[in-house]
Amino acid sequence: MTVLMQAKGIRRHYPVGGGLFAAKGLVKAVDGVDFTLLEGETLAIVGESGCGKSTLARVATLIEPPTDGELLIDGKVVANDAARRNLRLSVQMVFQNPFGSLNPRKTVGRILQEPLEINHRGTAAEREQAARAMMDKVGLRQDQFGRYPHMFSGGQRQRIAIARALMLNPRIVVADEPVSALDVSIQAQVLNLMMDLQEELKLAYLFISHDLSVVRHIAREVMVMYCGRPVEHGPKDSIFATPRHPYTRMLLAATPSIDPTRRKQAVTIKGELPSPLNPPPGCAFASRCPYAAARCTAERPEPRAFAGHLVACHELERIEA
Amino acid sequence: MALLEIRNLVVEFGTARGRFRAVDGVDVTVDEGEILCVVGESGSGKSVSMLAAMGLIGWPGRVTADVMRFGGIDLQGLSARDRRKVVGKDMAMVFQEPMTSLNPCYPVGWQIGEALRAHHAVPKPKIRDRVVELLDQVGIPDPGRRMNAFPHQMSGGMNQRVMIAMAISCNPRLLIADEPTTALDVTIQKQILDLLIGLQAEHRMGLVLITHDMGVVAETAHRVQVMYAGQMVEQQSTDALFSAPRHPYTAALLDALPERAHGRSRLPTIPGVVPGIDDRPAGCLFNPRCSAATDLCRTTAPEVRDGIRCHFPLGQGHGA
Amino acid sequence: MSATQAAPMPGRLALFWRSFAENRGAVVGLALMCILITVSALADVLALHSPVEQFREHFLIPPIWQEGGLWDYPLGTDDVGRDMLSRLIYGARLSIIIGFSVASLALITGTTLGLTAAFAGGVVDIFIMRLMDILLVFPSLLLAIVIVAILGPGLFNAMLAVVVVTLPGYTRLARASALAELARDYVTASRSAGARTFRLMFDTVLPNCLAPLIVQVSLGFAVAILDAAALGFLGLGAQPPTPEWGTMLSGALQFYQRAWWVLALPGLAILFTVLAFNLVGDGLRDALDPKLKR
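Quick caveat: nothing in here was measured; it's all calculated off a predicted structure. (Residues numbered from 1 in each chain as written. Chains lettered and ligands numbered in written order. Predicted model: local features only at pLDDT ≥ 70, side-chain atom pairs only at ≥ 80, totals over all residues. Heavy atoms only, no water.)

Asker: Let's hear about the overall build of chain C: which residues, and what values?
Answerer: Looking only at helices and strands, chain C has 12 helices and zero strands in total. Listing each helix as α and each strand as β along chain C from the N terminus yields α-α-α-α-α-α-α-α-α-α-α-α. The principal-axis extent of the C-alpha atoms belonging to chain C is close to 75 × 60 × 30 Å. Expressed as a percentage of its 294 residues, the buried residues of chain C come to 46%. Restricting to contacts in chain C with at least 6 residues of sequence separation, those with at least 24 account for 70%. Working note: accessible area of chain C is about 14400 Å², and carbon and sulfur atoms make up 69% of it. Once the 19 positive and 19 negative side-chain charges of chain C are each reduced to a mean point, those two points are 12 Å apart. (Helix = DSSP H or I, 4+ residues; strand = E, 2+ residues; numbered from the N terminus. Buried < 20%, exposed > 50% of the residue type's maximum accessible area, 1.4 Å probe, protein only. Contact = heavy atoms within 4.5 Å. Areas by Shrake-Rupley, 256 points an atom, 1.4 Å probe, with all protein chains shown as cover. Lys, Arg positive; Asp, Glu negative; His and termini not counted. Charge placed at Lys NZ, Arg CZ, Asp CG, Glu CD.)

Following this line, the structure appears as C-alpha cells:
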C-alpha cells in the first residue's frame, strides 16, 4: 500500500498579542502530531473546537508551514516555500462551509476551470471539457455550468467544492468537516459521493470531523485530538468498540445516539477546554478527567502503544483494571 | 388542559417571488412537564413555527392560526402590551447561537436582570441576588464575579447557560429551545441538554426542543413531531417513532443516518431536494421523493390522520 | 420529479432593479441624472448660443418670465452678455466630465491602494493607511485649496486636487472589504490551487468588494462636482470664460439684488445635480446592502 503522506512531529504555533507593554503569548494550536496516509484510505481526525484539527488541515494542505516537524509527500520532504508551492497541487482541500468556499462572483464553470487556468493546463477548450466532465462525475447537471453559487443548495455547493478539489488530480484530499453544515439526507448523498470517488480515483482522505457517527461510517483509521495533541490513534472499529483514553470515552458517551443499545453508561462531563494560551502543565485533560492522578498534572503523557492503539495517558493500566 | 395549544398555524412571507408559506397548517400541543421535540431539516419551518408562537415574526411575515392558546389564554386576541406580559415570563425561548444572541455591550448579569426588570418579577434590591442564584442554578462557577463578565469573555457553552438563565429567570411554564446545542461541542452539548432536562423536571416546565439531530431526539424527547417543507408529517411518542416510523419521510430520514448503516458502505439516500418556493409539487409535498408514491399522492394533498400526514402510512400493508 | 407551476427565477438585474425602485427618491434621482447626461451629450444641439459669446448690448437681461426678458435668451444673460441657458447646458457637460473623471480616477487609485494594503499587510499596510489618515486630518476643501495653490489654478489641477482629497474614502472601503474577503474559504481555495497575489487581488477578491465601492463612486460623483464648483467659486478652478457652474458663481454675489438669475441659476443647477447623484447613491446602497434584504 503506497504511503502518500507522512507527518512527523508536526507543530504549529501562533504568536499572539503582545505589544509595547505586554509579552507575546504563544498559542500551540498543533503540538506534536504524527500520522501516515495510505492510498485509497481515510484517516479521520476527531475532536472538538480548539483541538487543532483545522490548523492541522491547513498544515497538511500546505497552506501553512509547520513551526516544527516534517511533512513528507510521496517520500519528498516539504522543506521550503518552493517545494510547498509545487507539492500543493497534489493535496487539495474541501472546506466546511459550503456558502463561503465558493467565489460568489464566479460561475460554476469558471470556478472549476480556475485551478487549471492558474496552472496553465490545457487549452481553453480542454479546460472546459475537463470542467464539464468533472460536473458529471459529481452529479451536477450540465445546464448548471453557467450558474452562480447562490443558486445552488448547500449539498450541491459541496459537490462543486469537491469537484473543484479534484480538478488538479490530487492524490490526497483534506476534507475539513465537509458534511457538518448539511442536512442528514444531503449528508448521506455527499458521503456516498466521496466514498465512490475515493474508490474510483484511489484518493487518500484526511477527514476532519466532530461527528462521530459520520467518522464511524467513512474512516478506516481514527485519531482523536485534544488541545493540539493526539490522545488516541488506532483502527476505527477498535476505537469505537474499546476506547482507551478517558477523553475518547467521554466523547463517545456524550454523543447522542438513536440506538439505545449503543448508549454507553452515563459519564459525568465536567469542565471546559483549558485556554489555549495558558495550557496547564501535565496532561491537558487532567482537569476534566475522572481518573486523574497526581502524575497527570505534573507530567505530560506521550503517546504509547496500548492494546493496538497509540494512547497518551498515564493511567491506562489503572483504568482497565 | 394543554399548556400550549396551536391549531392550523400558517406563516406566510411576502417575497420578491410571491407569497411563501414557511409554515402550512401545523398543530402543536404541549402539556405541562412534557418534552416535545420538533425535528426537521432546513426549510421545514420548525424554527419559524415556534417563533410565531412567541410572537416574534415581524413584517413581511403574516401569522394566522385557528387556535393559539397558552394556559387557556388566547394569544392572538392579546394586544401587544398584554402579549409582552406573557412572552418572556411564562413562555421563554432559548436561541441557537449563544455568541450572537447576547448583547455584546452589556455584562451578562445586567442582561439577565433585564428580563427580571421587564416583568417586575422581583423587587429591585433583590435582583442581584436572584441573578446570582440563577447563574448558580445553570452551573456557572463563581457566579458573583461572573455576572459582571461580558459575553465575549466567556465560552459558547457558558453563554448558552446564561441564555438559559435568562429564559428561566421568571419561572416560565413553557420553555422553547431552538437548536440550543447545534453550535456547541459534543461534550458541552451533553452538559447543556442535561441542564435543560434537569431544570425541566425540577420546575415541571413544558419543553419544546427544536433540533435536526435525531440522536438528541432519541435521548431526550417524550414525544416527537417531524416537519417537512412547512408541514407536520408525523407525530408519535419517541419509542414508537424510532422503532416503527410511519411516514415514508421519517423512515427514509432514519435510514440515511450513518448510525443505521450497519457496516454497509453506501448510505441509503432520499433522492431529490426539499421543495423551495419555486417548485412546490401538487398533492403530497413529499411525493416526488417518496418511493411509494401513487397517483393519489401526486394529485391530492393528504390530511393529518392519527398524527400522520400520509395517504398510505407505513406499517399498514402499503409501502416499504 | 413532478413540479407544478414554477415561477421562472428573475435575473439578477431584474431583482436589483426591483430593490432599487422601492426607493422613490432614488428613481427620481436616476431620472434627473439621465436628463442631465442627455443634456450634456446634446449640448451642441440644445444650446441656442455659444457659451462664451458676449452680446454687448444685452447684458443682465432677465429670464423670459420677467419683464424685459427676451426669447433669444430664455434664462437671461450675465453681466457681460453671455446667454445663461447655453452656459448652464455646457456647464452640465463640464460637470459630468469632471464628476466622471475625478470619481473614476479616485476609484482606481484608491482601490488599488486599499487592496495593496490589505494583501501586503505589515509595514506597507501601516504606511498606506497612515498616509490616508494624514489626508483625512485636513478639512477637504482646505486641502484642495492648498494643492491647487501649489499646482496653480485651472480646471485640471482642481480635478487632481479633488481626486487626492477623496482618495481616503475609497482606500479604506477597499481595504475593509478586502480584509473581510481574505478570511473567506474561497480565497484559501484559490491560493491552494496556486494563485499568485496579483490574481488573488484583482480576479478573486475585487469583484466581491464592489458593492460598497459602487455606492461610494456614485456619491463621489456628487462630491466631485461640488468640490470642483467650490474651487471654481474661489477662483481656483476653471477659469473664466469656461462655463463651469462654480466659476459662474464667482463674482456673481454682487448681483443678488439686481440680477438674481446670475447667482441663483448656477447655484440651483449645482443643487439639483448633486441631489440627483446623492439620491441615486443612497438608492444603490439600499439596494446592494444585503442586511436590508428581505
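Asker: Could you give an account of the overall build of chain B, naming the residues involved and the relevant values?
Answerer: Regarding its fold elements, chain B presents 12 helices and 13 strands. Relative to its full complement of 320 residues, chain B shows a buried share of 55%. Pairs at least 24 residues apart make up 65% of the contacts formed inside chain B by residues separated by at least 6 positions. By element, 51% of the accessible surface of chain B is carried by carbon and sulfur atoms, the whole surface being about 13300 Å². Averaged over its 33 positive side-chain charges, chain B has a centre that lies 4 Å from the centre of its 34 negative ones.

Asker: Which residues make up the sheet that holds strand S1 (residues 3–16) of chain A, and what values go with them?
Answerer: Residues and elements named next belong to chain A. Sheet architecture is open: four strands sit in the order S2-S1-S4-S5, paired in antiparallel fashion. Looking at strand neighbours, the two that pair on one side only are strand S2 (25–38) and strand S5 (76–77), the edges of this open sheet. Here S1 runs beside strand S4 (residues 68–73); their pairing, made up of five bridges, is antiparallel. Bridging across to S4, glutamine 6 finds its partner in leucine 72. Against the sheet, helix H1 (residues 53–60) makes contact with S1, S2 and S4, and its axis sits at roughly 120° relative to S1, the strand it touches most. (Pairing = 2+ DSSP bridges. Axes fitted to C-alpha atoms, helices over the stretch in contact; angles between N-to-C directions.)

Asker: Describe empty space enclosed by the protein, and please don't skip the residues or the numbers.
Answerer: All names here are of chain B. Throughout the structure, instances matching the rule amount to eight cavities of 30 Å³ or more. Of the volumes computed, that of the largest cavity is approximately 90 Å³. Lining the largest cavity are 12 residues, and of these Pro248, Cys290, Ala292, Cys297 and Cys310 sit closest to its centre. Broken down by class, the residue content of the lining of the largest cavity amounts to nine nonpolar, three polar and no charged. (1 Å grid on protein atoms, 1.4 Å probe; cavity = no way out; pocket = protein on both sides within 12 Å on 5 of 7 lines; lining within 4 Å. Points joined across faces, edges and corners; volume = space filled by probe spheres on them. Nonpolar A, V, L, I, M, F, W, Y, C, P; charged D, E, K, R; others polar.)

Asker: Explain the nonpolar core to me, using residue names and the numbers behind them.
Answerer: Of all hydrophobic cores here, the largest spans 121 residues; its most connected members are Ile164 and Leu175 of chain B. Those residues in contact with leucine 175 of chain B that lie beyond four places of it in its chain are Ala92, Met93, Val94, Ala167, Ile168, Leu196, Met205, Gly206, Leu207 and Val208 of chain B. Of all hydrophobic cores here, the second largest spans 57 residues; its members include Leu60, Ala144, Ala228 and Leu231 of chain C. (Core = buried A, V, L, I, M, F, W, Y, C linked by side-chain atoms within 4.5 Å.)

Asker: I'd like a rundown of the packing of helix H5 (residues 127–137) of chain B against helix H7 (residues 156–168) of chain B, residues and numbers included.
Answerer: Axis angle and axis distance: for two packed helices, these are the angle between their axes and the distance between the axes, and together they describe the pair. All names here are of chain B. Across the interface, H5 lies against H7 with an axial gap of 9 Å and an inter-helix angle of 125°. Between H5 and H7, the crossing angle belongs to the class labelled oblique. The element H5 and its partner H7 pack so that their crossing is right-handed. Within the contact between the two elements, H5 uses Arg130, Leu134, Leu135 and Gln137 and H7 uses Val162, Ala165 and Ile168. Here the contact of H5 with H7 is composed, by residue class, of five nonpolar, one polar and one charged. (Parallel < 35°, antiparallel > 145°, perpendicular 65-115°, else oblique. Left-handed = near helix turned anticlockwise from the far one by under 90°.)

Asker: Tell me about the sheet that holds strand S11 (residues 304–306) of chain A, residues and numbers included.
Answerer: All names here are of chain A. Strand order in this open sheet of eight strands is S6-S7-S8-S3-S9-S10-S12-S11, and the pairing throughout is mixed. Either end of the sheet is taken by a strand with one partner, and the two such strands are strand S6 (91–94) and S11. On average, each strand axis in the sheet is inclined to that of its neighbour by 20°, with strand direction left out of account. Note: S6 against strand S7 (residues 172–176), four bridges, orientation parallel. Each residue of the ladder has a partner; that of valine 94, found in S7, is alanine 175.

Asker: Describe helix H6 (residues 184–201) of chain A, naming the residues involved and giving the relevant values.
Answerer: With 18 residues, H6 of chain A extends 26 Å from end C-alpha to end C-alpha; this agrees with the ideal 26 Å at 1.5 Å per step. A positive phi of about 55° marks lysine 202 of chain A, the residue just after H6 of chain A. (Expected span 1.5 Å × (residues − 1).)

Asker: Requested: an account of the side chain of arginine 12 of chain A, with residues and values cited.
Answerer: Here arginine 12 of chain A shows up in strand S1. In this structure arginine 12 of chain A comes out as buried when scored by relative accessible area, which is 14%.

Asker: Quick rundown of the pairing of strand S9 (residues 221–226) of chain A? Include the residues and the values.
Answerer: All names here are of chain A. Burial runs high along S9: six of the six residues are buried. Alternating positions in S9 separate into two faces, Glu221, Met223 and Met225 on one and Val222, Val224 and Tyr226 on the other, with burial throughout. Sheet topology note: the strand S3 (residues 42–46)/S9 ladder contains four bridges and is parallel. When the sheet's bridge partners are listed, alanine 44 is paired in S9 with valine 222. By the bridge criterion, six bridges tie S9 to strand S10 (residues 229–235) in an arrangement that is antiparallel. The residue bridging methionine 225 from the neighbouring strand is proline 230, located in S10. Taking the residues between adjacent antiparallel strands as the criterion, S9 and S10 are bridged by two residues, where cysteine 227 takes a positive phi near 50°.

Asker: How would you summarise the state of the cysteines if you had to cite specific residues and measurements?
Answerer: Chemically, a disulfide is nothing more than a covalent bond linking the sulfur atoms of two cysteines. Enumeration according to the criterion identifies zero disulfides over all chains in this entry. Just so you know, cysteine 313 of chain A is unpaired, no disulfide at all, and the nearest cysteine sulfur is the one on cysteine 296 of chain A, 6.1 Å from it. Cysteine 313 of chain A sits in the buried class, given a relative accessible area of 8%. In this model cysteine 290 of chain B remains outside any disulfide bridge; the closest cysteine sulfur is found in cysteine 297 of chain B, 6.4 Å from its own. (Disulfide = S-S within 2.5 Å.)

Asker: Can you break down the interface of chain B and chain A residue by residue, with the values?
Answerer: Chain B puts 37 residues into the contact, and the matching count from chain A is 33 residues. When the buried surface of chain B facing chain A is broken down by residue, Val186, Thr187 and Glu259 of chain B rank first, second and third, together holding 22% of it. Here chain B and chain A share one salt bridge between them. The shortest N-O distance in the salt bridge between aspartate 196 of chain A and arginine 266 of chain B comes to 2.4 Å. (Buried area = accessible area lost by both parts, 1.4 Å probe. Salt bridge = Lys/Arg side-chain N within 4 Å of Asp/Glu carboxyl O.)

Asker: An account of the confidence of the model for chain C is requested, with residue identities and associated values reported.
Answerer: Caution applies to low-pLDDT parts of the model: their predicted coordinates are not meant to be read in detail. Residues and elements named next belong to chain C. With 94% of its residues at a pLDDT of at least 70, chain C reaches an overall mean of 86. By mean pLDDT, helix H1 (residues 12–21) is the weakest element of chain C at 78, and helix H5 (residues 122–137) is the strongest at 94. The ipTM value of the predicted complex is 0.84, and its pTM value is 0.83. (pLDDT = per-residue confidence, 0-100.)

Asker: Can you lay out the layout of surface pockets for me, pointing to particular residues and giving the numbers?
Answerer: Residue and element names in this part refer to chain B. Here the second largest pocket defines a volume of roughly 670 Å³. What lines the second largest pocket is a set of 26 residues, among which Met54, Leu56, Val87, Gly88 and His119 lie closest to the centre. Contributions of two or more residues to the lining of the second largest pocket are made by helix H2 (80–86), strand S7 (91–94), helix H4 (108–118) and H7. If one sorts the elements of the lining of the second largest pocket by residue count, H4 sits on top with five residues.

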